[in-house]
Amino acid sequence: MSDTAERTLIAPSELNRRTGKFLYRFVLTTTLIGFTVVFVFPLYWMASGALKSSRELAAPSPTLFPGSFHPEAYTEAWTNTGLGRHFLNTLILALGAWLIQLIIAVAAAYALSKLRPVLGNIVLGMMLATLMLPVSALLVPTYLTVTDVPLIHVNLINTPWAIWLPAAANAFNIFILKRFFDQIPQELMDSARIDGAGPVRVLVSVILPLSRPVLAVVSIFAVVGVWKDFLWPLIVLPDPAKQPITVALSRLSEFLPANQLLAGMVIASIPLLVLFLIFQRHIIAGLTAGSLKG
């Protein structure tokens, strides 16, 4: 019995023709250039706008290139607005949320995938059901929870815990980790148990070393989610001294010149861009993980 030929959108016979090759390369090149422009141009517009004068930014006809360069807008945005303090606040919030979210997500995914508790599938289904709810529908109950934490009755407003604890309840990251843990062969865990390893030792010595790609993806999602969040920090961190850089820029926008405001946005975006450029291979590896076979 002959193998079934792989089906593609364009027949191989068409690609062998000169016209087919030209059309294929033209469509591919046009698509790549189009997507690149769509994603890169807003970044260029923001970075170049910070180099323009406020008068040039307010002109009715926008200019693609700065008529006069004003790089001092970056230093003025950093010194005049106290962005350093808000930058540090954002870093603390992002790192704390990342650590707590990773601990909770790994523990929950490991329990649902390998320990298989009673009613585990129902619990997982209820977690995934929360992804169907809009964020706005969860604001009020979450706010009431952080203002009066059940059982201990503590008010978390104006504390990092108001950001860290809600961020830990991330059903999407738990689902990603569980799907990856499901692909890890049971034989590896059985071998570790024969050697006397308990559930925690199996997690630390077997599961986590094999899960580095997906852990990198979850970590990046956690950091980016907190770093770019605006509405929730605005609600639970009313003290200006404790606000992250996104909220601070919004609050200072009515007092800052337009070029300094754009410079502050560029400064706030740089860490995320650097994080992506450094870990892009891990992101791709983690998103395509799950093909491990026993």
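Scroll up to find the structure this text is about.
This section reports on the structure supplied with the text.

Reading guide: rules and limits
Residues numbered from 1 in each chain as written. Predicted model: local features only at pLDDT ≥ 70, side-chain atom pairs only at ≥ 80, totals over all residues. Heavy atoms only, no water. Phe/Tyr/Trp six-rings, centres within 6.5 Å; stacked < 30°, edge-to-face > 60°. Helix = DSSP H or I, 4+ residues; strand = E, 2+ residues; numbered from the N terminus. Buried < 20%, exposed > 50% of the residue type's maximum accessible area, 1.4 Å probe, protein only. Patch = residues over 30% accessible without salt bridge, like charges linked within 9 Å, V, L, I, M, F, W, Y side chains within 5 Å. Areas by Shrake-Rupley, 256 points an atom, 1.4 Å probe, with all protein chains shown as cover. Salt bridge = Lys/Arg side-chain N within 4 Å of Asp/Glu carboxyl O. Axes fitted to C-alpha atoms, helices over the stretch in contact; angles between N-to-C directions. Parallel < 35°, antiparallel > 145°, perpendicular 65-115°, else oblique. Left-handed = near helix turned anticlockwise from the far one by under 90°. Contact = heavy atoms within 4.5 Å. Nonpolar A, V, L, I, M, F, W, Y, C, P; charged D, E, K, R; others polar. Core = buried A, V, L, I, M, F, W, Y, C linked by side-chain atoms within 4.5 Å.

### A short note on the packing of aromatic side chains
Inference 1: Considering all chains together, one arrives at eight aromatic pairs under this definition.
Inference 2: Ring geometry for Phe41 and Tyr44: centres 6.2 Å apart, planes at 40°, overall tilted. Of the two residues, Phe41 and Tyr44 both sit in helix H2 (residues 18-49), three residues apart, roughly one turn of that helix.
Inference 3: On the basis of relative accessibility, which here comes to 37%, the residue Phe41 falls in the partly exposed class.
Inference 4: With a relative accessible area of 29%, Tyr44 lands in the partly exposed category.
Inference 5: Summarising the aromatic geometry, the rings of Phe41 and Trp45 are spaced 5.8 Å apart at their centres and angled 35° between planes, so their arrangement reads as tilted.

### What to know about a nonpolar patch on the surface
Inference 1: Together, Val140, Tyr143, Leu144, Phe230, Leu231, Leu234 and Ile235 make up a nonpolar patch on the protein surface, roughly 580 Å² of accessible area in all.
Inference 2: Every element with two or more residues in the nonpolar patch is listed here: helix H7 (135-147) and helix H13 (231-236).
Inference 3: Inspection of the secondary structure assignment puts Ile235 in helix H13.

### A look at the pattern of salt bridges
Inference 1: Applying the stated rule across the entire model yields two salt bridges.
Inference 2: In this structure, Lys178 engages Asp182 in a salt bridge whose closest nitrogen and oxygen atoms are separated by 2.9 Å. Placement of both Lys178 and Asp182 in helix H9 (residues 171-182) is noted, with a separation of four residues, approximately one turn of the helix.
Inference 3: Exposure remark for Lys178: the relative accessible area of 11% places this residue in the buried category.

### Focus: the packing of helix H10 (residues 186-194) against helix H11 (residues 199-210)
Packed helices, taken two at a time, are described by the angle between their axes plus the distance between the axes.
Inference 1: Taken N-terminus to C-terminus, the directions of H10 and H11 make an angle of 155°; their axes are 10 Å apart at the nearest point. The angle between the axes of H10 and H11 places the two elements in the roughly antiparallel class. Handedness of the H10/H11 crossing: right-handed. Residue-level contacts link Leu188, Met189, Ala192 and Arg193 of H10 to Val202, Val206, Ile207 and Leu210 of H11.
Inference 2: Class assignment for the residues of the contact of H10 with H11 results in seven nonpolar, no polar and one charged.

### Here's the deal with the nonpolar core
Nonpolar side chains in soluble globular proteins generally cluster together in the buried interior.
Inference 1: Of all hydrophobic cores here, the largest spans 23 residues; its most connected members are Val106, Tyr110, Ile174, Leu177, Phe181, Val202 and Ile207.
Inference 2: Counting only elements with at least two residues in this core, the list comes to helix H5 (83-115), H9, H10, H11 and helix H12 (212-227).
Inference 3: The biggest single contributor to this core is H5, with seven residues.
Inference 4: Other than its neighbours up to four places away in sequence, Val106 contacts Leu177, Phe181, Leu203, Leu208 and Leu215.

### Observations concerning the packing of H5 against H11
Inference 1: Interaxial distance between H5 and H11 falls to 12 Å at its minimum, and their mutual angle equals 100°. Relative to H11, the element H5 is oriented roughly perpendicular. Every residue of H11 that contacts H5 at Val106, Tyr110 and Leu115 is listed here: Pro199, Val202, Leu203, Ile207 and Leu208.
Inference 2: Classifying every residue of the contact of H5 with H11 by side-chain character gives eight nonpolar, no polar and no charged.

Limitation: the analysis is restricted to geometry and does not speak to function.
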